[in-house]
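Results of the structural survey
The chain contents come next:
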Amino acid sequence: MGKQTRAIVQGITGNQGSFHTRLMLDYGTKIVAGVTPGKGGTTSVGVSVFDTVASALERTDADASIIFVPAPFAKEAGMEAIDAGLSPVVIITEMIPARDSMILIEYARTRGATIIGPNTPGIITAGEAKLGIMPGDVFKPGKVGLASRSGTLTYEIAASLTHNGIGQSTCLGIGGDPFTGLNFVDVLKLFRDDPGTDTVVLIGEIGGSAEEDAATYIRDTKYPKRVAAYIAGRAAPPGKRMGHAGAIITGTEGTADAKMKSLREAGVLVAEVPSELPRLLLQQVSPLQ
Amino acid sequence: MKLFEYEAKSIAQNLGINTPKGAVASTSEEARDIHKRIGGEAVIKAQVLVAGRGKAGGIKFASKPDETRDRASEILSMTIKGEKVKKVLIEQKATAKKELFASIVLDRANRCQTVLASDQGGIDIEDVARQTPEKVLRHRLDPVFGMRSYDARLIALKLGYQGIQQSTFSDFLSNLYRLSVIYDAELVESNPVIEMQDGRFLAADLRVIVDDNSLFRHPEFQERSKEISGEVTALESKARDNGLAFVELDGDIGIIGNGAGLVMATLDLVKQYGGKPANFCDVGGGANAEHVATALQIIQGAEKVRAVFVNILAGITRCDEVAKGIVDVKKVMGLKKPLVIRMVGTNQEEGRRILQSAGLTAMDKMDEAARLAVSKVAA
């Protein structure tokens, strides 16, 4: 994803859709069309609106899509983008039923499309383009790839990296839901093959096993790039959902301490508090430098 | 959203899943009458959403209707882990030839539904899984096509069933699966499943958790989901009714932030510096002044809170709105507890001006602010 990426916005006429389309355009993103069923022929923040993705693509070329449609319609909006051959499909929408996400993610997998989200702040290539709702000004170009399960915490950490002179290549939210299109292992694979990235920062949280799976992958493949991590939710009690649908400790599984331990054992630099991340990265030089 | 056992069993019966003969009662007299009607020996089960009711004395047995009335009266006066018992389920006690375990869960790691089944039912399945993992069968279902007849049959076969019993158990599993689809269930679990002398399978207990994000498809549960249960404290219920993501904790520093991850990290920091958070409160992205004011009012109003820490990193949220919310509370009802504000991001300057005009200041760094908040309580 970068300057050359041409994207459509599904749900462009809604509050969130139009507001963030304006900000994405301001950041330099090529938004070539919008889609809202029933609003075809109109324009929203200067972008032409079509009734369906297919009709938009009769008039313009696009590679990717970003989705703001309400949760009940998000599954089919995602399928519509995938059927039109778009990838990645970034799904900002939150509160999508887990069953809908599960089916959509399988649909994407069998058709070779990449889904980012749902319930994600999106993806940004620092200084080039963003498909998402993140504030663009906290990111600066550099060599750190960042993947996170949350939104504001990502901005917090990106801002502190930037403030310490550590720039970023690509930053993305994998999403705060139980089912997400990409997990940390998928992202690690993408960053491994990205020449612009020499360090990966993972921002995890309680619930599920995405961080433990990442640790296993890093250890088993002798991951060639430096990895650092911060895990939120050490103070969270078991059995309570901490805001995100996926942030819940069930039984003894999914605790922050267990995740930090697995990552440390895999050789990952694990920060105790968010502000420690830039310090860890500055102390230890990348193996590639 | 967790369903009560009697609710889960009622929807199960409509899908052809056998459950013990019985009915739900709100009074001890009703309980006695139900026992008279169903006959045999009865089980009286507290209808609560918290786990562990058996150990808490919420399940009792009785052989005569009058005994059932007395036991029901005892259970109906109980509070189990903070949840008041309002109903009891009276069921005929079933004699088991064998007890099994069956559940269908949303499996995050594999992005599908997975069936867990075991012929060691009736006991804590997590213990079984820990001590004898080979006794718990795991079978993944295709995310799109779900449970096909041969999936169910394979599971029955692996549990040792042949011939007619294989078909009977397959049908039982298929019906549990149908329930999970129709009701968008995160979890459908029957422990124990009872295999009767006559060969039928019976869901003697049944737990169903409906995915909260699917409630728009299930209007029948929407009102029920708002009821206060043992799982939601009065403070949580009040905050959630006002659109806040809120979890009550046992400390004394009230926390308000925007974004679930940032709020979690804030709790961690406070704890790291020796403080104890009183709550998790996420005002969400794009929160307006009113939202912030409501959160602050609710939190400073809680007796146990001795200081409040507001941590805002504004992206879609705007600092001026946050500041307005805080200043409104100060003007209308006053700040009742020491307040520490960390606020950076969109419209930061404007936000700080608003705070300053009311004699308040905001800090830049969340570490320093967390330390200060902890010191307010320690002092």
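Thresholds, definitions, all that
Residues numbered from 1 in each chain as written. Chains lettered and ligands numbered in written order. Predicted model: local features only at pLDDT ≥ 70, side-chain atom pairs only at ≥ 80, totals over all residues. Buried ≥ 20, exposed ≤ 12 C-beta atoms within 10 Å, placed from the backbone. Helix = DSSP H or I, 4+ residues; strand = E, 2+ residues; numbered from the N terminus. Pairing = 2+ DSSP bridges. Contact = placed C-beta atoms within 7 Å. Axes fitted to C-alpha atoms, helices over the stretch in contact; angles between N-to-C directions. Domains from an automatic or database assignment. Nonpolar A, V, L, I, M, F, W, Y, C, P; charged D, E, K, R; others polar.

**Concerning helix H7 (residues 210-220) of chain A**
Taken as a whole, H7(A) has its buried residues at A:Ala210, A:Glu211, A:Glu212, A:Ala214, A:Ala215 and A:Ile218. One or two residues past the end of H7(A) sits A:Lys222, with phi positive at roughly 45 degrees.

**Remarks on the sheet that holds strand E4 (residues 47-50) of chain A**
All names here are of chain A. Taken in spatial order, the seven strands make up an open sheet running E3-E4-E2-E1-E5-E6-E7, and their pairing is mixed. Only two strands of the sheet have a single neighbouring strand rather than two, namely strand E3 (43-44) and strand E7 (115-116). Taken together, the three bridges between strand E5 (residues 64-67) and strand E6 (residues 89-91) define a ladder with parallel strand orientation. Bridging across to E6, Ile66 finds its partner in Val90. In the packing of helix H1 (residues 15-27) onto the sheet, the strands contacted are strand E1 (6-10), strand E2 (30-35), E3 and E4, and the crossing angle to E2 comes to about 165 degrees.

**Notes on unusual backbone geometry**
Here the bond from A:Ser87 into A:Pro88 is cis, since omega is 0 degrees, no more than 30 degrees from zero. Its place among the elements puts A:Pro88 in the loop between helix H3 (71-83) and E6. A cis amide bond links B:Asn191 to the next residue, B:Pro192, at an omega of 5 degrees. Structurally, B:Pro192 is set in strand E10 (residues 185-196). A positive phi angle is found at A:Met95, which is not glycine, with a value near 65 degrees. By the element assignment, A:Met95 lies in the loop between E6 and helix H4 (98-110). Of the residues examined, A:Met95 has 18 C-beta atoms within 10 Å and is grouped as partly exposed. Positive phi, close to 60 degrees, is recorded for B:Asn347, a residue that is not glycine. Within the secondary structure layout, B:Asn347 lies in the loop between strand E17 (339-345) and helix H12 (348-357). Residue classification places B:Asn347 among the partly exposed positions, given that 18 C-beta atoms sit within 10 Å.

**Examining the domain arrangement of chain A**
Many authors give the size of an interface as the accessible area that is lost as the parts come together. All names here are of chain A. Domain boundaries in chain A define domain 1 (6-116) and domain 2 (134-283). On a C-alpha basis, the centroid separation for the pair domain 1 and domain 2 is 26 Å. Counting residues at the interface gives nine residues for domain 1 and seven residues for domain 2. For the side of domain 1 that touches domain 2, the elements supplying multiple residues, two or more each, are H4 and E7. Looking at which element gives the most residues to the side of domain 1 that touches domain 2, the answer is H4, with five residues. For the side of domain 1 that touches domain 2, the class distribution of residues is seven nonpolar, two polar and no charged.

**Considerations on the domain arrangement of chain B**
Annotation of chain B at the domain level lists domain 1 (21-92), domain 2 (96-224) and domain 3 (234-378). Distance between the C-alpha centres of domain 1 of chain B and domain 3 of chain B: 44 Å.

**Description of the interface of chain A and chain B**
Each partner contributes to the interface: chain A provides 45 residues, whereas chain B provides 40 residues. For the side of chain A that touches chain B, the secondary-structure elements that each account for two or more residues are H3, H4 and helix H5 (152-163) of chain A. Here the side of chain A that touches chain B gets six residues from one element, more than from any other, and that element is H4(A). Here the residues of the side of chain A that touches chain B are counted per class, giving 25 nonpolar, 11 polar and nine charged.

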